[in-house]
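Inside the fold
Below, each chain spelled out in residue letters.
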Amino acid sequence: MILYFGLIIALFITMALIPPLMAWAERLNFIDLPDDRKVHKGAIPRIGGVAMVVGALIPMVMWLPPVKEVFGFLVGVGVIFVFGVWDDRKNLNYKIKFFGQFVAVLVVVLYGGVVIEHIPLVDEALPSYLAIPLTIFAILGITNAINLADGLDGLAGGMTLLSFGAIALLAYMSDGNEVLLIALVVIGSILGFLRFNTYPARIFMGDGGSQFLGFSVGILAILLTQKVNTALSPVLPLLLLGLPILDTFMVMGQRIYEGRSPFSPDKNHLHHKLLELGFDHYEAVFLIYITQAILVSAAYFLRFQSDVLLLLIYFTFCASVYLFFNYARRIRLRINNEPIVPSSFIGKRIEWLKQGRWLVKGAYYFALAGIPAYLLVMVLFAQSVPKDSSIAVVSWVLLVMMVLISIKNFNRPFHIMERACLYVIIVFAVYLTQIEPGKLSEFVMLRNVFFALLIVAIAIGFRFAGADIFRVSTLDVLVIFLAMVVPNMSETLASDSHFGEGVAMVIVLFYGVELVLANMWRRWGIMRLAAMGTLAVLALRGMRP
């Protein structure tokens, strides 16, 4: 239960903080201006990292045990966050930035005891005089690798989201509760941020956010393989973080080869190379996501394989990427992005469907009627609601919040806070029916038919609605990948309260809600009323003796 709430609270706080921070960004001097090295055209607030770190730290402080590793990690996050935010305001010299990173890493290594003791191909544990410098170098390298990868909208957040997801899954299977909770909380903060950062971005995370992600994912990867489960290959971090590591080595190697400082800025990163090949912003991010997804999936499925095999796979991957871009530069490869004019019978029929709104309206009205009804049925007929006063209090607080927000105009578009509340309702309602389905277990077939129809409605919304109604972002690609892959990766997860099935249901309901809330027919009041009714039922059942 804490894991669910940790992720949701981080998501909720991050989403709630970003709008006011965006409003204050210019006054606080957190603005990223375009230049020759950057791909965005206008001034963008770079204060999203503040929301992410605050959103992640609050549930960590609430629920993590007071052990040395945790305390060292939290202090290190605080140090690296202060220097990152300072850099976002003042554009610090790289030496000052590096000093802040070095102090943060020293805290984690010397006080927290996070040390790389086992390395590939060596059976004996490393002595301290080798292990400590190696660990400092590794964490600093990963921190800067993620920082350097933050070059396109949604790129750094999406790549690290996949890495944190794989770490969370492996930690869950190894009973690494602290690592699991930290990974899930950071995932929640990333998801909350990406809703504002996917192309075209309205906010950047800045160095405060990217260094936090790099620092955190590096430490969790080390803890996972060095402490939580030493049976895992020590090569796994190379696969979990393989793409940003490769990007950093390629960029810095080219700078040194050209006689420049390895820290000098340029446009030689992998995402810049993809843009030069003719891919647009969305396609470049999508390709990097797919590549990173393949690497983290390989880390999961090959987690107990020999170090030699994993090293061979990773270096083969690195060589393939390097040779491809080198070959593409030599032959001046350029991808054509010419618009396709529909000329076939099927293409013309699709255009006809897009011009006529009846199909999209039908999909919308099905989601509008079906989702509220399904939520109410779930909370009414679930076997039981935990008799914990905190559940009732939270339910009533959210209910009051939504009532107060709704008094002025019941049919106006959803505020971001209401959207977050609705997501919380969906997660909690699905959770209740998964742990104890009760009478609902007799209607599994009917439920499956409903979700099949809802998926069809969402697919219609994706395909035929205009950009002003329902637009797909790279975040949606990530979520679809997680929904398809995670439930099928672990028999343990699948057998534990039907975890995978619950994840898939939550994802489908999330997209159904997005289809409703992004509509042009202005029926938001129905969804608002359903949310308040569901909360009222949850609160009443939670308080019942």
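The structure contained in this document is the topic of the report that follows. What you see is a predicted model; the values in this text were computed from it and never measured.

Regarding the overall build of the chain
Tallying secondary structure elements over the chain gives 22 helices and 2 strands in all. Buried residues in the chain amount to 53% of all 545 residues. By sequence separation, contacts in the chain at least 24 residues apart represent 79% of the contacts at least 6 residues apart. Just so you have it, the chain exposes about 25000 Å², and 66% of that area is on carbon and sulfur atoms.

As for unusual backbone geometry
Phi at L121 takes a positive value of approximately 70°, unusual for a residue other than glycine. Relative to the assigned elements, L121 resides in the loop between α4 (94-111) and α5 (128-149). In this structure L121 comes out as exposed when scored by relative accessible area, which is 58%. Of note, D175 is a non-glycine position whose phi angle comes to about 60°, a positive value. In this structure, D175 sits in the loop between α6 (155-173) and α7 (177-197). Judged by its relative accessible area of 64%, D175 is exposed.

Notes on the packing of aromatic side chains
How two aromatic rings sit relative to each other is given by the distance of their centres and the angle of their planes. The full count for this structure, using the stated rule, is 13 aromatic pairs. Judged by centre distance (5.8 Å) and plane angle (70°), the ring pair of F71 and Y111 falls under edge-to-face. Of the two residues, F71 is situated in helix α3 (residues 68-90) and Y111 in helix α4; the sequence distance between them amounts to 40 residues. Geometrically, the ring pair formed by F73 and F215 is stacked, given 6.3 Å between the ring centres and 10° between the ring planes. Here the residue F73 occupies a position in helix α3, and F215 occupies one in helix α8 (residues 206-228), the gap between them amounting to 142 residues. In this pair, the class of F73 matches that of F215, namely buried. Ring-pair connections join several aromatic residues into one group, and the members of that group are F366, Y374, F450 and F451. Its guanidinium or amino end placed over the ring of Y300, R303 lies 4.3 Å from that ring's centre, counting from NZ or CZ.

Structural notes on the pattern of salt bridges
Summed over the entire model, instances satisfying the criterion amount to 3 salt bridges. Notably, a salt bridge pairs D87 with K97, separated by 3.5 Å at the nearest N-O pair. Separated by 10 residues along the polypeptide, D87 in helix α3 and K97 in helix α4 bring together distant segments of the chain. An identical accessibility class is assigned to D87 and K97; each is buried. Across the pair K97 and D207 runs a salt bridge whose closest N-O atoms are separated by 3.0 Å. Of the two residues, K97 is situated in helix α4 and D207 in helix α8; the sequence distance between them amounts to 110 residues. For the residue pair K97 and D207, the accessibility class agrees, reading buried in each case. When salt bridges that share partners are traced, they join D87, K97 and D207 into one network.

Some points on the environment of N93
Looking at the element boundaries, N93 is found in the loop between α3 and α4. Assessed through its relative accessible area of 42%, N93 is described here as partly exposed. A distance of 2.7 Å separates a polar atom in the side chain of N93 from the backbone nitrogen of K95.

Digging into the side chain of S233
Along the polypeptide, S233 turns up in the loop between α8 and α9 (236-240). The exposure class of S233 is buried, given its relative accessible area of 3%. Looking at S233, its side chain comes within polar contact range of the side chain of D307, at 2.8 Å. The residues contacting S233, other than those within four sequence positions of it, are T225, R303, Q305, D307 and L310.

A few points about the nonpolar core
Ranked by size, the top nonpolar core spans 152 residues in total, and within it M60, F164, I167, L213, F215 and L509 carry the most contacts. No other element matches the 13 residues that α7 contributes to this core. If sequence neighbours within four positions are ignored, L213 has contacts with M52, I146, A156, G157, T160, F164, V186, I190 and M205.

Rules of the game
Residues numbered from 1 in each chain as written. Predicted model: local features only at pLDDT ≥ 70, side-chain atom pairs only at ≥ 80, totals over all residues. Heavy atoms only, no water. Helix = DSSP H or I, 4+ residues; strand = E, 2+ residues; numbered from the N terminus. Buried < 20%, exposed > 50% of the residue type's maximum accessible area, 1.4 Å probe, protein only. Contact = heavy atoms within 4.5 Å. Areas by Shrake-Rupley, 256 points an atom, 1.4 Å probe, with all protein chains shown as cover. Phe/Tyr/Trp six-rings, centres within 6.5 Å; stacked < 30°, edge-to-face > 60°. Lys NZ or Arg CZ within 6 Å of the ring centre and 35° of its normal. Salt bridge = Lys/Arg side-chain N within 4 Å of Asp/Glu carboxyl O. Polar contact = N/O pair within 3.5 Å; in protein donor to acceptor, adjacent residues only side chain to side chain. Core = buried A, V, L, I, M, F, W, Y, C linked by side-chain atoms within 4.5 Å.

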